[in-house]
Amino acid sequence: MASVPSKLYSDDVSLVVVLVDTNPFFWATSSLSFSQFLSHVLAFLNSILLLNQLNQVVVIATGHNSCDYVYDSSSASHHGVENRTIPALYSVLLQKMEEFLIKDEKLGKQESPGMIASSLLSGSLSLALCYIQRLFRTGPLHPQPRILCLQGSSDGPEQYVAIMNSIFSAQRSMVPIDSCYVGAHNSAFLQQASYITGGVYVKPQHLDGLFQYLVTVFATDLHCRSSLQLPRPAGVDFRASCFCHKTTIDMGYVCSVCLSIFCKHHKKCSTCGSVFGQAQADNSAVSDRKRKAPET
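Residues numbered from 1 in each chain as written. Predicted model: local features only at pLDDT ≥ 70, side-chain atom pairs only at ≥ 80, totals over all residues. Heavy atoms only, no water.

For clarity, the cut-off: UniProt positions are given in the numbering used here, feature names are shortened, and annotations may be inferred rather than shown by experiment.
As annotated in an unreviewed UniProt entry, the chain is General transcription and DNA repair factor IIH subunit TFB4 from Erythroxylum novogranatense. Listed in UniProt under the heading Subcellular location (unreviewed entry), the comment for the chain reads: "Nucleus".

Section: helix α7 (residues 210-218)
The test is simple: Three exposure classes are used, based on accessible area relative to the maximum for each residue type with a 1.4 Å probe and protein chains only: buried under 20%, partly exposed in between, and exposed over 50%. Secondary structure elements are taken from DSSP: a helix is a run of H or I of four residues or more, a strand is a run of E of two residues or more, and numbering for both begins at the N terminus. The directions considered for the arc run from the helix axis to the C-beta atoms. In this analysis, two residues are considered to be in contact whenever any of their non-hydrogen atoms come within 4.5 Å of each other.
Those residues of α7 lying buried are Leu210, Leu214, Val217 and Phe218. One side of α7 holds all its buried residues, which, seen down the axis, span an arc of 90°. Those residues of α7 that are buried are in contact with α2 (34-51), β4 (142-151), β5 (177-181), β6 (201-202) and α8 (222-225).

Here's the deal with the pairing of strand β2 (residues 56-62)
As a reminder of what qualifies: Here, strands pair whenever DSSP counts at least two bridges between them.
Where burial is concerned, most of β2 is hidden: seven out of the seven residues are buried. The side-chain alternation of β2 yields two buried faces, one formed by Gln56, Val58, Ile60 and Thr62 and the other by Val57, Val59 and Ala61. Both β2 and strand β3 (residues 67-72) contribute to a ladder of five bridges, which runs antiparallel. Paired with Ile60 across the two strands is Tyr69, which belongs to β3. Connecting the antiparallel pair β2 and β3 is a turn made up of four residues.

Description of the side chain of Ser30
Operational definition: By the criterion applied in these results, polar contacts are pairs of N or O atoms within 3.5 Å in which, for protein atoms, one can donate a hydrogen and the other can accept it, and in which residues neighboring in sequence qualify only through two side-chain atoms.
Structurally, Ser30 is set in the loop between α1 (24-27) and α2. Accessibility expressed as a relative area gives 18% for Ser30, which makes it buried. There is a polar contact of 3.2 Å between the side chain of Ser30 and the backbone nitrogen of Leu32.

Overview of the packing of helix α4 (residues 121-136) against helix α5 (residues 160-172)
We apply this condition: The angle between two axes is taken between their N-to-C directions and runs from 0 to 180 degrees, where each axis is a line fitted to C-alpha atoms and a helix contributes only its stretch in contact. Each angle receives one of four descriptions, namely roughly parallel if under 35 degrees, roughly antiparallel if over 145, roughly perpendicular if within 65 to 115, and oblique otherwise. Crossings are classed by handedness, with left-handed meaning an anticlockwise turn of the near helix from the far one by less than a right angle and right-handed meaning a clockwise turn. Nonpolar residues are Ala, Val, Leu, Ile, Met, Phe, Trp, Tyr, Cys and Pro. Charged residues are Asp, Glu, Lys and Arg, and all others, Gly as well, are polar.
With their axes 9 Å apart at the nearest point, α4 and α5 run at an angle of 25° to one another. Classed by the angle they form, the pair α4 and α5 counts as roughly parallel. Between α4 and α5 lies a crossing whose hand is left-handed. Between α4 and α5, the residues in contact are Leu121, Ser122, Leu125, Ser126 and Leu129 and Ala162, Ile163, Ser166, Ser169 and Ala170, respectively. Across the contact of α4 with α5, the residue classes tally to six nonpolar, four polar and no charged.

Written out as structure tokens, the structure reads:
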């Protein structure tokens, strides 16, 4: 990814938008409890703010049914926090997080059983990008923005289109998407997000040392990254999800008009309505994108 002109940014000031996975279905089965995970995250946010007094941190909770802003360090003083100590600041975050968890649980009771227990990652990415776009309109000087996804839930194939749209929007705005995946298996969505936007993807081997992973890899600003040897993933899963059954596929049929992907041959595209002639099986659209993607 091409570097962003430095004149757009004010020195080494950073804006880190952190997406925190709060999905209860994942944390109920994880070896790391949510409270322990949150303690690592709070310590990491503290280190970001200590590196530069002008650094800004925004936290977005990613639930199973909803997502919302829960903390903004730039406006913490407007929420009645007169004591600027770290415990006082993060009392606001913990309170908002608890309110969000209660609201997300109520929404979960209204949905039908059998739903995929994935988090609403597409919604959180959209909120993060909207926040960053508002920042871009404040003037020529602003912090260096980046997004950090702290995810543990499995990918939701039904969110494929929305997530890919967010990834390409971040790429066009030159906003890196960093990923720290704490689940059992790798996340294809986050691998693609970090690869396409020029971010860093990490899957910690020891969750007890999560704070060390976060500080070592994600605490430094974008300018300093060129001087660091950051971890690179051994491979990236570029498989796509079909539009008909929302499942991950290796081979499929691609509409030549709107590039919709299907696992089986259809006479008519369900997305754009185009009538198919003699369809040819091809690799998924993402596989073709991999061949065209520039080396990072």
